[in-house]
Every structure is written in C-alpha cells, then in structure tokens.
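Overview (structure and organization)
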Amino acid sequence: MNWISNYVRPKINSLFSRREVPENLWTKCPECGTMLFHRELADNLNVCTSCDHHMAITPRERFTALFDGGVFVEVKVPEPLTDPLQFRDQKKYPERLKAAQKASGEKDAMLVAEGDMGRTPIVAVAQDFSFMAGSMGMYVGNAIIAAAQRAIALKRPMVLFAAAGGARMQEGILSLMQMPRTTVAVQMLREAGLPYVVVLTHPTTGGVTASYAMLGDVQIAEPNALICFAGPRVIEQTIREKLPEGFQRAEYLLDHGMLDRVTHRKAMKDELVTILRMLTGQPPAIKGDLPPPDPSPEVAPQPSEPAKAPQA
Amino acid sequence: MNYLEFEKPLAEIEGKAEELRAMARANKEMDVEKEAVALDKKAETLLRDLYKDLTPWRKCQVARHPDRPHCKDYIDALFIEYTPLAGDRNFADDHAVMGGLARFNDQPVMVIGHEKGHDTKTRIERNFGMARPEGYRKAIRLMDMAHRFRLPVVTLVDTPGAYPGKGAEERGQAEAIARSTQKCLEIGVPLIAIVIGEGGSGGAVAFATANRIAMLEHSVYSVISPEGCASILWKDADKMREAAEALRLTAQDLQKLGVIDRIIREPMGGAQRGRKETIDAVGKALETMLKDLSGKKPEALIRDRRQKFLDMGSKGLAA
C-alpha cells in the first residue's frame, strides 16, 4: 500500500488495456468444453470454432470488427453522479465500480461510437457484460441518450448491442428510472425518423429487456442468446416445474414472435448493413471487410459537453 | 385485524384490552373499563412509537399489509360511474390489472391499477397483483384511448412485480412492459401515478412513467424486492433488512432523490388502521395534482414528462 501500488500501477494499467497482455492463451468453451487458442477465437469474433457458441465480446472488440477498417470515434457520455445512494452491500459500490473499471479499462458497461459500417454511417452502442454484468445504471442510460442525440445530430441510424443481467441494484431506484429514460431516447429516434436496430446478445434480461432492448424497429438476436424478463431460475422457483429445453433462448423467442431474426455473429455486419441501407433508402452496399473510409469533412463536431437533456 | 411481526407487542396489549371488555360484556358486575382504557392508552403510545420512525424493512411490511386499501377500494370510494374495460384484444383479460372509464369529481378519467385481492379467492383470481403481458397490453389500450378522447389517466400502483411465469415470458412480458412505458411517454393527456402499496420494479414503471408521481407515506418503490436484492448481493435472503436499507425504497428517500413529487400522509399506524382517512387523503392529493395539470397543452404534457425523466438522477441523497 504505497504510492506505487495506489497510483502508478493503476495509471499504467489503464494505459495498457488488459487484453494486450493475455493471462491465458487458451479459453475453454463453456458450452462444449473445447480449448480454443485465443488468437483463433478472436479471429472468429469469440464464437467457438467447434460448436458455434457465441461467447461474450467486449464493445471494443465488437466495434473493431463492425466498423470499416476497425475505425470508429467514441462518443462522449456525460458522467453521472457516482454512488448517489451511498450504497453498500458486502462491499461499497464505488469499490465494486473501481474494480470493474480497472479490470476492463472502461468507464462503465456501455460504449458509444460513430463510424462507417459497410460504408454506411451509423452510431453504435454496445453493452459490456463483463462490466458488472452489463448492468444498467445511470451511465448506461446517459450513454443511450447521448447515442440517440448523436444519431439525430448526424441523421444516422442507431444500432444497439444489448447484454445485461438487468438493472444495477447499487443505484436502486435510479437504475430503475433508466427504463423510462432510455425509452425517451428511443422515442427521440423514432420522431427523427431514424431506424433503431437492436441486437440482443447472451444474456439480455430484466429491466434492460423490458425497456430499450425490446423497442427496436428491427429485433435481431445472436444464436442461443438467453433473452428474458424473469430469469429461468426465478420462474422455476415460482411455478415449481422444469422449463422446456431452449426456453427463453433466441430461437424460442423467434418461434414465439418476439424477434425478427436470429443471426450468426459473423453474418451480423452484412445483415445490419443490408437492413439499414434499405430503411434509409440507400443503394445496396459493397459487402465484406472494407478499409477505413477517407476522412470525411462533413462529420459534425461533437459538442464538448453533450447536452444533458434534449428538448423533445 | 392482522398484525405484522413488529406489531406483536401491540397485538398483545390490544388483545388484553379486548379480552377485558369481552369479559365485562359477559359479566355485568365487572367494571374493567378503567383498566381497558389504560391499556388503550398504552397501546396508543406504543403504536406511535412503532410508527414514528419505521425502518425501510418495516415499511415494506406495512406496504404489503393485507388490510391496506387496494386499488378496487380506491376506485369504489373515489370515483363514480366506474365502467371497467376488459381485455387486451389479443389473448386474455388479466385480472391483476383493473381499469376503465370513471368520473373523478364529475370529470371523466381513465383509471388503471394493479389489484392484489383481499382474500384467498380474490388474491388467486388477481394473481396477487402480478400482471402478465395481457395486463400491460390492456393498460396500453386504455391509455391510448384516453389520449384520443382527451381523458386524464390515473394509475394506482400496487404490485410485487410483473409475474415471472412461463406463459408470461412466452407472450412477451418484457416487450409488454417496455411498450407500456413507451405509451406512458406518448400520451398527450395528464398522467398521474400514485403508489398505494408496493411499487415493484418494471411492473410498476410501466404504469408510473407519469407527469406527477405520488406515494403513500409507508409505500415503497424499488428496482428489486429487498429479499431478491439480499439473495443476489448478500447471497443470503435473510439479509432483507440490510437490503431494504441500502435500496432507498421509502417514499421519503425517493422524494429526496427527486424521483417522486409528493408524499401522501397515512393515519397513525398505517393505511390499514384508517382505510377511509387514507382513501380520502389520496383523493385530495389526486384532486390537487389534476388541477395542477389541467389546461396544459398535449405537447407540453409530453415534453414535461420526458424532461422529468431525463433529469432524474441529477440529485443524489447527499445533495
């Protein structure tokens, strides 16, 4: 406990994200148990090469694969109050938050970026399940509002990749209030006539599913993703019976009319491009991995302090 | 009278007083009134002490008290010409949610609420106030109708949460809640929500995304039940007292956080000990809130409602 461990080391850690120094070169697929070499797994977008199980992927990795040439610009998210409730369970909330920030190198469970995907300009938002189970607190709400405002300013569609255990209990009622707040963001996009596409990834549950993640114009899910309001364990305890195989999985929801499509992660980009270009009246796109776009002069400057709240 | 666990000492004293009086009734020569009155006094002091400073967990228990007035009681007492409207036009009519046209002080309104039921039969029929997707879809339909015919919407929130069942999930519980919240944000008429008991998570938000949100003094509104929170964060469901404390789910804390607009006082000993007084107080508050919002243009109502929620969270407890 000194200056080096308290200050210098975290600083260095935050400069080099953990991913660059893999602790383990091999990952075991949680579904089929195959040991997968990290580079091969990363090349396959964290999809198991043996059983096609879609593992979690960080927003940065996803954006790198999604945007042409892996180039994107982060959209600034207004910082909320830290720990408004002074929440404490077995640990203090700020300690949990700091640990998650240190482990991920990110501020919170949501990353917002703008860029070109298949030469189609979009604003993308991705939720990070590895950050406190992707839980929705005020930062996540602010991120979605900032993304919607940016999409409206640039007149671009918004694509959201959801992954969350639900609301962040440590922010109590204020996490719950992100349900209406993010719904306002969806309304703003709708009124601006901009497409909002949601990609549901494993797992998306609770208050997240019951707000912005279910309000897309088009709802796509990754294969076998668990998507639900109440989790299977809670339901089994309530109704005291075993749930059928595949219950609340993407394919099950597709069968029950809750989704438009179930799409493999590797096919996702092309599919999003196809859909968004039709919805925005653009000609068909060139598919595949494209180099980064030329630096375009027409990109509107980002407001230095994004407006906290829009005038609807 | 149903006593809560923390009211046990009170039950004893009140029980003794009742016993004495019963004996006196049976035996005319006995004069116990003096002693009974003394016990009454003692009980009153104790009640005052117990309710002076309820802990969050005790508030949860009071909010769930079976003798509290429920949605139907308020509708019967405060509205006239209540005409229930049923069904979601897709699948079923959910009895956990009641709603329909009614007049409040002669003004036609749309009233919607969770109903928990008051005995075993009605509780089962009402599914303990836990709505299924059909309940939210019925509410959406009613709110939409209210919007088109320019009727203010009044919602009475009292639910442990949306029902976690197999069919509910298959029929899109999450989507139904999300759409109900969305509908709340869309309607160009005054929307007033009153939490009369339990405001359980998303199931409550779906009705409470309102222009004005009021809570009864001992009601609670939370992202998760204290029991659920305890079992996740403390890995021990018996830590619900600590969880209730940490979650800041009381009306008093929520007002400080800027989440609700007003607190409606309950009689001493909670709504269950003065049902009529409580219902009247809710009626008064509703009247004031409706008056506040009357004459506002549809666009202004929608804009203000949205802004209200966008601004939420800018206020911490410390501030």
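The structure presented is a predicted model; accordingly, all values stated were derived computationally and were not measured. (Residues numbered from 1 in each chain as written. Chains lettered and ligands numbered in written order. Predicted model: local features only at pLDDT ≥ 70, side-chain atom pairs only at ≥ 80, totals over all residues. Heavy atoms only, no water.)

All right, on to the overall build of chain B then. A count of helical and extended segments in chain B gives 14 helices and eight strands. The C-alpha radius of gyration computed for chain B amounts to 21 Å, which stays within 12% of the reference 20 Å derived for 319 residues, consistent with globular compactness. In terms of overall dimensions, chain B has C-alpha extents of about 70 × 50 × 40 Å along its principal axes. Taken over 319 residues, chain B has a buried fraction of 57%. A separation of at least 24 residues holds for 72% of the contacts in chain B among residues at least 6 apart in sequence. As displayed, chain B has an accessible area near 13,400 Å², and 51% of this comes from carbon and sulfur atoms. (Helix = DSSP H or I, 4+ residues; strand = E, 2+ residues; numbered from the N terminus. Rg over C-alpha atoms; globule rule 2.2 N^0.38 Å. Buried < 20%, exposed > 50% of the residue type's maximum accessible area, 1.4 Å probe, protein only. Contact = heavy atoms within 4.5 Å. Areas by Shrake-Rupley, 256 points an atom, 1.4 Å probe, with all protein chains shown as cover.)

Residue and element names in this part refer to chain A. Read across the open sheet, the seven strands follow the order β3-β4-β5-β6-β7-β8-β9; overall the sheet is mixed. Either end of the sheet is taken by a strand with one partner, and the two such strands are β3 (73-74) and β9 (261-262). Where strand β6 (residues 158-164) and strand β7 (residues 196-204) come together, six bridges link them in parallel fashion. Residue pairing in the sheet places Leu160 in a bridge with Val198 of β7. Contacts between helix α5 (residues 138-154) and the sheet are confined to β4 (110-117), β5 (120-127) and β6, with β4 contributing the most and set at about 25° to the helix. Against the sheet, helix α10 (residues 265-279) contacts β4, β5, β6, β7, β8 (218-221) and β9, and its axis sits at roughly 175° relative to β8. (Pairing = 2+ DSSP bridges. Axes fitted to C-alpha atoms, helices over the stretch in contact; angles between N-to-C directions.)

Residues and elements named next belong to chain B. Once the domains are mapped, chain B shows domain 1 (5-53) and domain 2 (60-318). The distance between the C-alpha centroids of domain 1 and domain 2 comes to 36 Å. Summing both sides of the interface, domain 1 and domain 2 together bury roughly 710 Å²; the carbon and sulfur share of this comes to 57%. Between domain 1 and domain 2 we count one salt bridge in total. In this structure, the salt-bridge partner of Glu14 is Arg273, at a minimum N-O distance of 3.0 Å. Across the contact surface, domain 1 and domain 2 share three residue pairs in polar contact (both at pLDDT 80 or more). When contributions to the side of domain 1 that touches domain 2 are tallied by element, the ones reaching two or more residues are α1 (8-26) and α2 (33-52). A per-class count over the side of domain 1 that touches domain 2 returns four nonpolar, no polar and four charged. (Domains from an automatic or database assignment. Buried area = accessible area lost by both parts, 1.4 Å probe. Salt bridge = Lys/Arg side-chain N within 4 Å of Asp/Glu carboxyl O. Polar contact = N/O pair within 3.5 Å; in protein donor to acceptor, adjacent residues only side chain to side chain. Nonpolar A, V, L, I, M, F, W, Y, C, P; charged D, E, K, R; others polar.)

On to the layout of surface pockets, then. Volume-wise, the second largest pocket comes out at about 1,600 Å³. Lining of the second largest pocket is provided by 47 residues; of these, A:Val234, B:Ile224, B:Ser225, B:Gly228 and B:Ile232 occupy positions nearest its centre. Class assignment of the residues belonging to the lining of the second largest pocket gives a composition of 23 nonpolar, 18 polar and six charged. (1 Å grid on protein atoms, 1.4 Å probe; cavity = no way out; pocket = protein on both sides within 12 Å on 5 of 7 lines; lining within 4 Å. Points joined across faces, edges and corners; volume = space filled by probe spheres on them.)

Using the residue numbers shown here, the UniProt feature "zinc finger region: C4-type" (unreviewed entry) corresponds to residues 29-51 of chain A. With 26% helix and 13% strand, residues 29-51 of chain A has its two end C-alpha atoms placed 9 Å apart. (UniProt positions renumbered as here; feature names shortened; annotations may be inferred.)

Here we take up empty space enclosed by the protein. If you walk through the whole model with that rule in mind, you get three cavities of 30 Å³ or more. The computed volume of the largest cavity comes to approximately 90 Å³. In terms of lining residues, the largest cavity is bounded by 14 residues, among which B:Arg64, B:Glu198, B:Gly200, B:Ser225 and B:Pro226 are the most central. Elements with a contribution of two residues or more to the lining of the largest cavity: β5 (191-200) and β7 (220-222) of chain B. A per-element tally of the lining of the largest cavity places β5(B) first, with three residues. Its residues placed into classes, the lining of the largest cavity shows six nonpolar, six polar and two charged. Roughly 80 Å³ of internal volume is contained in the second largest cavity. Along the walls of the second largest cavity sit 13 residues, with A:Ile227, A:Leu253, B:Glu169, B:Gly172 and B:Ala174 positioned nearest its centre. Among the elements that line the lining of the second largest cavity, the one with the most residues is helix α8 (residues 173-186) of chain B, at three residues. When grouped by side-chain class, the residues that make up the lining of the second largest cavity number seven nonpolar, four polar and two charged.

This paragraph deals with the side chain of B:Lys59. Residue and element names in this part refer to chain B. Checked against the element boundaries, Lys59 lands in helix α3 (residues 56-63). No salt bridge forms around the buried Lys59; measuring N to O, its nearest opposite-charge neighbour Glu217 is 5.2 Å away. A polar contact of 3.2 Å, which involves the side chain of Lys59, links it to the backbone oxygen of Glu217. (Lys, Arg positive; Asp, Glu negative; His and termini not counted.)

To continue, consider the pairing of strand β4 (residues 153-159) of chain B. Look at any regular strand and the pattern is simple: side chains alternate between the two faces of the sheet. Residues and elements named next belong to chain B. The buried count for β4 comes to seven of seven residues, which makes it a mostly enclosed element. Both faces of β4 are covered, namely the face carrying Val153, Thr155, Val157 and Thr159 and the face carrying Val154, Leu156 and Asp158. As paired elements, strand β3 (residues 107-114) and β4 share four bridges and run parallel to each other. Across the sheet, residue Ile112 finds its bridge partner in β4, namely Thr155.

Here we come to the interface of chain A and chain B. Taken together, the contact between chain A and chain B spans 55 residues of the former and 51 residues of the latter. Interface of chain A and chain B: buried area, both sides summed, is about 4,500 Å²; carbon and sulfur atoms make up 70% of it. In terms of surface lost to chain B, no three residues of chain A exceed A:Met169, A:Ile173 and A:Phe229, which account for 14% of the buried area on that side. The tally of links between chain A and chain B comes to one salt bridge. With a closest N to O distance of 2.6 Å, B:Arg306 and A:Glu191 form a salt bridge. Counting residues per element, the ones that place at least two in the side of chain A that touches chain B are α5, α6 (172-176), α7 (178-191) and α8 (232-239) of chain A. For the side of chain A that touches chain B, the element with the most residues is α7(A), which contributes ten residues. In terms of residue class, the side of chain A that touches chain B is built from 34 nonpolar, 14 polar and seven charged.

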